[in-house]
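Examining the three-dimensional arrangement
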Amino acid sequence: MIDIVWFKRDLRVHDHAPLRTAHQSGNRVLPLYIVEPELWAQPELSGRHFAFLGECLADLNEALQARGAGLVVEVGAACEVFARLHGLYGISAIHAHEETGVLWTYQRDKAVRAWAKRAGVSVIEHRQHGVWRGPSTRTGWAKRWDAMMAAPPVDAPDALNLLDHQSAAFPEAENLGIAPDPCPQRQKGGRREAIGLLKSFLTARGRTYRKAMSNPAEGAEACSRLSPHLAFGTLSMREAYQAASRAQARHLATGDKVYAASLSSFLARLHWHCHFIQKLEDEPEIELRNMHCAYDGLRPTRPGEADLAQAWIEGRTGFPFVDACMRSLAATGWLNFRMRAMVMSFASYHLWLDWRLPATLLARQFTDFEPGIHYSQAQMQSGTTGINTPRIYNPVKQSLDQDPDGNFIRRWVPELAHLPPALIHEPWKAAAEDLPPSYPARLVDHVAAGAFARAEIHRVRKGDGHRALAHVIQEQHGSRKSGIKQVSEARAKARKKTTPKSDQISFDF
């Protein structure tokens, strides 16, 4: 009999409870990654994800080889792969992390558990992030999260009793029908890359994080850039949290309050990361439908919307700052958070597109696509949650605030590089002879489009029954530190109690 460690989006050997548990079983261990063609046919995934995955698996393979044998790659449907291996060796247990992924992986995991039950195989899943599976409540969520992040990381086994099984070759993208996806400045995958980024962020790059994170150019350097590694699991949330907590203490000890404050903001973002994934874990349908049903039909399908969406994703909207952000994203696979919110807001409010279309297009561009964050944020920035204040970002104001001299625009929209700062944010005000014919006119009048969107959202929010359902949504998904007033004053007062911080455990990088 063998135990299988099923790697999915947890591509590391450190702080990996399934690997440790399988090692302690006494059986031979098969470390397995399944390349699932049907998964890679899903519209959210793209070539940049597949390329990053390949680099992560290469690093994981080296780490496993140092412990006895390499990673086994199989290509096919998960249930079929497990059935074949069960026929060859007899599977005692499948060890894995809980995954809050797209709806396809949710259905896949249910199918695997059903197969395992029929076959008499145990499926043992462990929590990877501060996200809780099964019936739960948001009350006390932060305290549970703090406790998990404070717990000692799981040590990687020094040696594994690994099964000698011939691995398939990692397939070429084109053999899976994955379209070419040039991303020349994409981040590289693998744990070594993750550790390097974490070290440089905590010792040098992150000092100006709090101030610089809203700027697309400065944020590219000052932000941690760990997001794709957290999404693919080359680094655990707990490892990042504890390393940042230790670094914050060191900077405070040396009197560097600026750095310490930046790391305080970063630690809050790690908490925020799991808060949003919890929403999808609790309600997988968030990927497909509005959180608040009052918004159903608000943005009906209309002729030409596919062309609008394509112009937007390709950076051809006629708004230089929006276009610069979209072109930067296409080339790098990354965009800072404020600009992610702005471009999604622009698609949903100014172009009046149903959030599902731009969300899918953006998912393909983000190397760090994390479904729980992505779909929750897509709805939040589109005003369909019913519990968040609608934020309609003015693309010109954002341009003036975040790129006053127009340097970010000049880098990514070079056809406008000759325009002075007074015109580069609003080229439609320039003389016709000063505009290159290759740069498009505005898709919309942003002032009129914003006013229309604001009025429509306000109309829905004032409708009968909106507030009652919003309270239900708030109880299920809302932070206990913000959001609309709670129904129960007693519960609201109880949630204001602060949670003491846990001591952090040392873990060396």
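Small disclaimer: the values here were computed from a predicted structure and weren't measured. (Residues numbered from 1 in each chain as written. Predicted model: local features only at pLDDT ≥ 70, side-chain atom pairs only at ≥ 80, totals over all residues. Heavy atoms only, no water.)

Here the focus is the overall build of the chain. Secondary structure assignment for the chain yields 23 helices and five strands. At 24 Å, the chain has a C-alpha radius of gyration in line with the 23 Å of a compact globule built from 509 residues. Principal-axis analysis of the C-alpha atoms places the extent of the chain at approximately 75 × 55 × 55 Å. When each of the 509 residues of the chain is scored for burial, the buried share is 56%. For the chain, restricting intrachain contacts to residue pairs at least 6 apart in sequence, the fraction spanning at least 24 positions comes to 79%. Here the chain displays about 21,700 Å² of accessible surface, and carbon together with sulfur accounts for 54% of that area. (Helix = DSSP H or I, 4+ residues; strand = E, 2+ residues; numbered from the N terminus. Rg over C-alpha atoms; globule rule 2.2 N^0.38 Å. Buried < 20%, exposed > 50% of the residue type's maximum accessible area, 1.4 Å probe, protein only. Contact = heavy atoms within 4.5 Å. Areas by Shrake-Rupley, 256 points an atom, 1.4 Å probe, with all protein chains shown as cover.)

Time to look at the packing of helix α7 (residues 191-203) against helix α11 (residues 237-253). The interhelical angle for the contact between α7 and α11, taken along N-to-C directions, is 25°, at an axis separation of 10 Å. The angle between the axes of α7 and α11 places the two elements in the roughly parallel class. Helix-helix and strand crossings are classified by hand; for α7 and α11 the assignment is right-handed. Packed against α7, whose contacting residues are R191, L198 and L202, the element α11 presents E239, A243, A244, A247 and H251 at the interface. (Axes fitted to C-alpha atoms, helices over the stretch in contact; angles between N-to-C directions. Parallel < 35°, antiparallel > 145°, perpendicular 65-115°, else oblique. Left-handed = near helix turned anticlockwise from the far one by under 90°.)

Turning next to the nonpolar core. Core analysis: the biggest nonpolar cluster contains 78 residues, and L11, W40, W312 and L362 have the highest contact counts within it. Setting aside residues no more than four positions away along its own chain, L11 makes contact with Y33, L53, C56, L57, L60, F232, G233 and T234. Listed in part, the 34 residues of the second largest apolar core include V131, Y259, F266 and F276. (Core = buried A, V, L, I, M, F, W, Y, C linked by side-chain atoms within 4.5 Å.)

We now examine empty space enclosed by the protein. By rolling a water-sized probe across the atoms, one finds the places where empty space is left. Counted according to the given criterion, the structure contains four cavities of 30 Å³ or more. There is about 310 Å³ of room inside the largest cavity. R9, L39, W40, L45 and E99 are, among the 23 residues lining the largest cavity, the residues nearest its centre. When residues of the lining of the largest cavity are traced back to their parent elements, those giving at least two are β1 (2-7), β2 (28-35), α2 (37-40), α3 (47-65), α5 (103-119) and α10 (227-232). Taken together, the residues that form the lining of the largest cavity break down as 13 nonpolar, four polar and six charged. Looking at the second largest cavity, its volume works out to about 180 Å³. (1 Å grid on protein atoms, 1.4 Å probe; cavity = no way out; pocket = protein on both sides within 12 Å on 5 of 7 lines; lining within 4 Å. Points joined across faces, edges and corners; volume = space filled by probe spheres on them. Nonpolar A, V, L, I, M, F, W, Y, C, P; charged D, E, K, R; others polar.)

Here we come to the sheet that holds strand β5 (residues 122-126). If you walk across this open sheet you meet the five strands as β3-β2-β1-β4-β5, and the pairing is parallel. Only two strands of the sheet have a single neighbouring strand rather than two, namely β3 (72-75) and β5. Between one strand and the next, the sheet's axes are offset by a mean angle of 30°, whatever the strand orientation. Packed on one face of the sheet, helix α1 (residues 17-24) meets β1, β2, β4 (91-97) and β5 and runs near 160° to β4. Docked against the sheet, helix α4 (residues 78-89) engages β1, β2, β3 and β4, running at close to 155° with respect to β2. (Pairing = 2+ DSSP bridges.)

Bringing helix α14 (residues 320-332) into the picture now. Between its first and last C-alpha atoms α14 spans 18 Å; for 13 residues at 1.5 Å apiece the expected length is 18 Å, and the two agree. Buried residues dominate α14, accounting for 12 of its 13 residues. Buried residues of α14: P320, F321, V322, D323, A324, C325, M326, R327, S328, L329, A331 and T332, and no others. (Expected span 1.5 Å × (residues − 1).)

Turning next to the pairing of β5. Of the strand pairs in this sheet, β4 and β5 are connected by five bridges, and their pairing is parallel. The partner of A96 across the bridge, within β5, is E125. Crossover handedness for the path β4 to α5 to β5: right-handed. (Right-handed = clockwise from strand over helix to strand, strands pointing away.)

Here we come to the packing of aromatic side chains. Summed over all chains, the structure comprises 16 aromatic pairs. Ring centres of W272 and F276 lie 4.8 Å apart, and the angle between their planes is 55°; on these two criteria the pair is classed as tilted. Linking W272 with F276, this pair stays in helix α12 (residues 257-282), spanning four residues, or about one helical turn. W272 gets classed as partly exposed once you look at its relative accessible area, which sits at 23%. Taking 6.1 Å as the distance between ring centres and 65° as the angle between the ring planes, the aromatic pair formed by F321 and F408 counts as edge-to-face. One end of the pair, F321, is in helix α14; the other, F408, is in helix α19 (residues 407-412), with 87 residues separating them in the sequence. One exposure class covers both F321 and F408, and it is buried. Through successive ring pairs, a cluster of aromatic residues spans W6, F82 and W115. The ring of F276 has K279 sitting right over it, with the charged end atom 5.2 Å from the ring centre. Positioned over the ring face of W352 is R299, at 4.4 Å from the centre of the ring. (Phe/Tyr/Trp six-rings, centres within 6.5 Å; stacked < 30°, edge-to-face > 60°. Lys NZ or Arg CZ within 6 Å of the ring centre and 35° of its normal.)

Attention now goes to the confidence of the model for the chain. On average, the chain scores 93 in pLDDT, and the residues at 70 or more come to 94%. Low confidence marks residues 482-509, where pLDDT is under 50. Its contacts with residues over four positions away, or in another chain, come to 48 contacts. (pLDDT = per-residue confidence, 0-100.)

This part takes up the pattern of salt bridges. For the structure shown, the criterion picks out 26 salt bridges. Between E55 and R186 there is a salt bridge, with its nearest N and O atoms 2.9 Å apart. Placement of E55 in helix α3 and of R186 in the loop between α6 (141-150) and α7 is noted, with a sequence separation of 131 residues between them. One network of salt bridges, in which partners are shared, links K8, R9, E36, E99, R108, D109 and E370. (Salt bridge = Lys/Arg side-chain N within 4 Å of Asp/Glu carboxyl O.)

Turning our attention to the side chain of E36. For E36, the location among the structural elements is in the loop between β2 and α2. Aside from chain neighbours lying at most four places away, what touches E36 is G76, A78, W104 and R108.

Here we take up the environment of D282. Structurally, the position occupied by D282 is in helix α12. D282 gets classed as partly exposed once you look at its relative accessible area, which sits at 27%. Apart from the residues within four sequence positions on either side, D282 is in contact with W132, S136, Q476 and H477.

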